[in-house]
Amino acid sequence: MDFKVLAVGDVVGGPGMERVRRSLRWLKRKTSADFVLVNGENASVVGITPQQAEDILDAGADVITMGNHTFAKREIVPYMEDSSRILRPANYA
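Position labels on residues start from 1 in each chain and follow its written sequence. In keeping with the predicted nature of the model, local features appear solely for residues at pLDDT of at least 70, side-chain atom pairs appear and are counted solely at 80 or more, and the whole-chain, interface and lining totals rest on all residues. Remark: hydrogens and water are excluded; side-chain values derive from all non-hydrogen atoms of the structure.

Draft legend 1. Quick peek at the pairing of strand β1 (residues 5-8). Residue alternation in β1 divides its side chains into a buried set, Leu6 and Val8, and an unburied set, Val5 and Ala7. Strand pairing follows a simple DSSP-based rule, namely that at least 2 bridges must link the two strands. Where helices and strands are cited, they refer to DSSP runs of H or I of at least four residues and of E of at least two residues respectively, numbered from the N terminus. Examined bridge by bridge, β1 and strand β2 (residues 35-39) share four bridges and lie parallel to one another. In the sheet register, Val8 faces β2, and the bridge partner there is Val38. The handedness of the β1 to β2 crossover, carried by helix α1 (residues 13-31), is right-handed. Think of it in three bands: with a 1.4 Å probe and only protein chains considered, a residue is buried below 20% of the maximum accessible area for its type, exposed above 50%, and partly exposed in between. A clockwise course of the path from the first strand over the helix to the second, judged with the strands pointing away from the viewer, identifies a crossover as right-handed.

Shown next as C-alpha cells:
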C-alpha cells in the first residue's frame, strides 16, 4: 500500500500565505497526496497567528509543523493547546 505525504516547507509572510491559499488543494490533488503537512512557524514572517493557522488548515493542510519561531506571536499558545493539528517542536516546552 502506498501512502503519499506532501511536505510544504516554511510558508513565509503574506506571499507564502497567499500561495498556500491559492495552490495547496490543487497541489494535493496533482500529487495524489494522502496527507499534507505545512511548516507554518513563519507565516507572520516570524511566528504564526491563530487566523493564519486556520487559513493553512482550511487550505488543505492536515497538520502544521512549528519550529524555533513558534512563540513569536504569543496568541498562538492557547490555540495550540486546543488544536491537535499543530505540532510543536519537541525541544520546546
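Having seen the structure, we can now continue with the description.
Draft legend 2. Broad picture of the sheet that holds β1. The strand order β1-β2-β3-β4 describes an open sheet built from four strands, whose pairing is parallel. Each having just a single partner strand, β1 and β4 (86-87) make up the two edges of the open sheet. Residue contacts are defined here by distance: any two heavy atoms, one from each residue, within 4.5 Å place the two residues in contact. Axes, fitted as lines to C-alpha atoms, cover a helix only where it is in contact. Angles between the N-to-C directions of the axes lie from 0 to 180 degrees. Docked against the sheet, α1 engages β1 and β2, running at close to 145° with respect to β1. Packing of helix α2 (residues 50-58) onto the sheet brings it into contact with β2, β3 (63-65) and β4, and relative to β3 it is tilted by some 130°.

Draft legend 3. Main features of a nonpolar patch on the surface. Two distance rules govern patches: like charges are joined within 9 Å, and nonpolar side chains (Val, Leu, Ile, Met, Phe, Trp, Tyr) within 5 Å, applied only to residues with over 30% relative accessible area and no salt bridge. Note on areas: these come from Shrake-Rupley sampling with a 1.4 Å probe, and a residue is covered only by the protein chains present in the view. Salt bridges are identified by distance alone: a Lys or Arg side-chain nitrogen within 4 Å of an Asp or Glu carboxyl oxygen. Taken together, the side chains of Met1, Phe3 and Val5 present a nonpolar region at the surface, about 420 Å² in accessible area. Structurally, the position occupied by Met1 is in the segment before β1.

Draft legend 4. Seen up close, α2. The complete set of buried residues in α2 reads Gln52, Ala53, Asp55, Ile56 and Leu57. Those residues of α2 hidden inside the fold are in contact with α1, β2, β3, α3 (76-82) and β4. Just past α2, the residue Gly60 takes up positive phi, approximately 125°.

Draft legend 5. Structural detail: the side chain of Thr49. Here Thr49 shows up in the loop between β2 and α2. If sequence neighbours within four positions are ignored, Thr49 has contacts with Ser44, Lys73, Glu75 and Ile76.

Draft legend 6. Layout of the pattern of salt bridges. Tallying each qualifying case throughout the model produces four salt bridges. One salt bridge connects Glu18 with Arg22, and the closest N-O pair in it is separated by 3.4 Å. Note that Glu18 and Arg22 are positioned in helix α1 at a spacing of four residues, about one turn of the helix. Given the relative accessible area of 34%, Glu18 is considered partly exposed. The salt bridge involving Arg21 is made with Asp55; its shortest N-O contact spans 3.2 Å. Placement of the pair is Arg21 in helix α1 and Asp55 in helix α2, with a sequence separation of 34 residues.

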